[in-house]
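Next come the chains, spelled out residue by residue.
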Amino acid sequence: MCRQFFIFCILVSAIIGSEAADTCNSSIFPSTFKFGAGTSAFQIEGGWNEDGKSRSWWDWFSNSYSIYINNATGNTASDSYHQYKQDIASMVAMGLPNYRFSLSWTRILPKGLNYSINQAGVDYYNNLLDELEAAGIEPLVTIYHWDTPYALDFLGGWTNPKMVDYFVAYADIAFNLFGDRVKLWATINEPKSFCEGIPSVVVNLFPEMPIGTYEYLCGHHAILAHAKAYRLYKEKYQATQQGRVSLVLDLGYNMGLTNSTVDEDAAERKNLFEFGWFAHPIVYGDYPDIMQEVIANNSARQGFPVSRLPKFTSSEKLLVQGAYDLIMLNTYTSYMITMANYSNSPSYQNDLQTSTSQSSEWLSSGLSTFKVHPEGTRKVLKWISDTYASPEIIITENGFSDNTATLNDTERISFINGTLTNIRLSMCDDGVNVTGYFYWSLIDSMEWNSGYTVKFGLVQVDFDSENHTRTLKNSAYYYKNVIETRLVNG
Ligand code: NOJ
């Protein structure tokens, strides 16, 4: 469309800002667009009990229950605690301008609380940030990527209201120590995953878990923790550090299985339960109406005295509304949705009441639920832009996994190419304000309960070699070329 309606596209470009200096050519990304790749601490660092670091929940879980996760632990992971210079060398080799990584809470605060800081942990991140700066690579730092201090799990983890203050105290330390070099902060990564996804898996091991209550308490405190950390940054650090802060939300596009109203309503309901659960409070000050109604009704029917979905007080509504500088989105795949009947027992899934499938025509990938559908990226961007008042969006994660160690990863290349093509169409033809793309992940790493069987990396890690040797895959060279030329071939 941009080729036909040139003037219109220039106007859209001017409106979305990032296009100001460029024409809206759907094959070329503007020079301001941030290309990057990401990782997270537990998945790459290893050094799980070194130099004063204590255990996170995942350290405890993977060492106690590794049989459930392909006999994997994160004890050594990709060994980035020792090999971070090799990671940076890989970034330099592919000309990567932006790198997203996360801080390990228990490396910095072994007790979880801020009364004792572990200097060796602080040194590690200072060295990493200094080396990135020397290499001209801009960091995007995630403060919390699921590795809750095990100490704080004894206090209830994210279901404990005090977790809000514990997190804010930790975030304060991170802003204070590292904010001179970090201009993009993600407070919390994918709250839906750790509040709903992980419990729905571990409930098989811990059947006493109060499913249906746990999810919403956890989500509520994560929203408040993010919002308080955001406000703290604005009051205490914004003037000197000039950074931007958000939280990372995930959504695979949910479309109706058919175009019947029932299926389309079910898909919308799922988008709101998944993304709106967190985005509605920070954009509009409260949970989506549909969540409030459904969960209150189900809770009453199930005999709960109050809704299992907590309520924000009026001052909390003011705190959370507007607590974001941009939207950070993780998106991997799409789903086809229809309405389903569920049992009356309390759970997020029974509140949601949808059933999910994926097209048999979509290519499979290393994670069975992540089938390939790059067109969904364009749809999910449009849905977010339409539903949340055209925000700026950075894609903080998107990637393709396989189960092989191949360097000739042609499927990954076509996945990235297809996704970038759809992002550019979304910018040009739908006017969505996308300003960055971070491939997940920079290097092969510990893929949570899939262990090391699933590989997302642009860079291969030889987990059997002493130094965990890094080797660039063909996709890294493909991405290098995209970064240099800004060109994608649709
Ligand atoms: C989202 C998570 O943030 C990341 O840790 C994980 O590896 C990817 N999805 C792929 O599953």
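Residue numbers here run from 1 along each chain, matching the order of that chain's written sequence. Restriction of local features to residues with pLDDT of at least 70 applies here, the model being predicted, together with a cutoff of 80 or more for giving and counting side-chain atom pairs; totals for whole chains, interfaces and linings are based on all residues. Side-chain calculation: all heavy atoms of the structure are included, whereas hydrogens and water are not.

Moving on, we come to the sheet that holds strand β11 (residues 434–440). The pairing criterion for strands is at least two bridges between them, as found by DSSP. Per the convention used, a helix needs a DSSP run of H or I reaching at least four residues, while a strand needs a run of E reaching at least two, with both numbered from the N terminus. Spatially, the eight strands close up into a barrel ordered β1-β2-β3-β4-β5-β7-β10-β11, and their pairing is parallel. Within the sheet, the average angular offset between the axes of one strand and its neighbour, ignoring direction, is 25°. Where strand β7 (residues 327–330) and strand β10 (residues 393–397) come together, four bridges link them in parallel fashion. By the bridge assignment, Ile 327 is partnered in β10 with Ile 393. Orientation is described by lines fitted to C-alpha atoms, with helices fitted over the stretch in contact, and by angles between N-to-C directions that extend from 0 to 180 degrees.

This part is about the packing of helix α9 (residues 191–202) against helix α10 (residues 214–241). Across the interface, α9 lies against α10 with an axial gap of 9 Å and an inter-helix angle of 165°. Put simply, α9 runs roughly antiparallel to α10. Crossing hand, α9 versus α10: right-handed. Contacts between α9 and α10 involve Pro 191, Phe 194, Cys 195, Glu 196 and Pro 199 from the former and Tyr 214, Glu 215, Cys 218, Gly 219 and Ala 222 from the latter. Classes in brief: Ala, Val, Leu, Ile, Met, Phe, Trp, Tyr, Cys and Pro nonpolar; Asp, Glu, Lys and Arg charged; the others, Gly included, polar. By residue class, the composition of the contact of α9 with α10 is seven nonpolar, one polar and two charged. An angle below 35 degrees is read as roughly parallel, one above 145 as roughly antiparallel, one from 65 to 115 as roughly perpendicular, and any other as oblique. Should the near helix be turned anticlockwise from the far one by less than a right angle, the crossing is termed left-handed; should it be turned clockwise, right-handed. Residues count as neighbours in contact if any of their non-hydrogen atoms are within 4.5 Å of one another.

In what follows, a disulfide is any cysteine sulfur pair within 2.5 Å. The final tally for this structure, using the stated rule, is two disulfides. The disulfide partner of Cys 24 is Cys 428, and the S-S distance across this bridge is 2.2 Å. Every disulfide takes its handedness from the sign of the S-S torsion; for Cys 24 and Cys 428 that torsion is -120°, giving left-handed. One end of the pair, Cys 24, is in the loop between α1 (6–16) and β1 (34–38); the other, Cys 428, is in helix α16 (residues 410–429), with 404 residues separating them in the sequence. Relative accessibility decides the category of a residue: with a 1.4 Å probe and only protein chains considered, values under 20% of the type maximum give buried, values over 50% give exposed, and everything between is partly exposed. Since its relative accessible area comes to 7%, Cys 24 is described here as buried. Residue Cys 428 is classed as buried on the basis of its relative accessible area, which comes to 0%. Bridging Cys 195 to Cys 218, the disulfide has an S-S length of 2.1 Å. Residues Cys 195 and Cys 218 share a disulfide whose torsion about the S-S bond is about -70°; that sign makes it left-handed. In this pair, Cys 195 sits in helix α9 while Cys 218 sits in helix α10, placing the two residues 23 residues apart along the sequence. Of the residues examined, Cys 195 reaches a relative accessible area of 0% and is grouped as buried. Residue class for Cys 218 comes out buried when judged on its relative accessible area of 1%.

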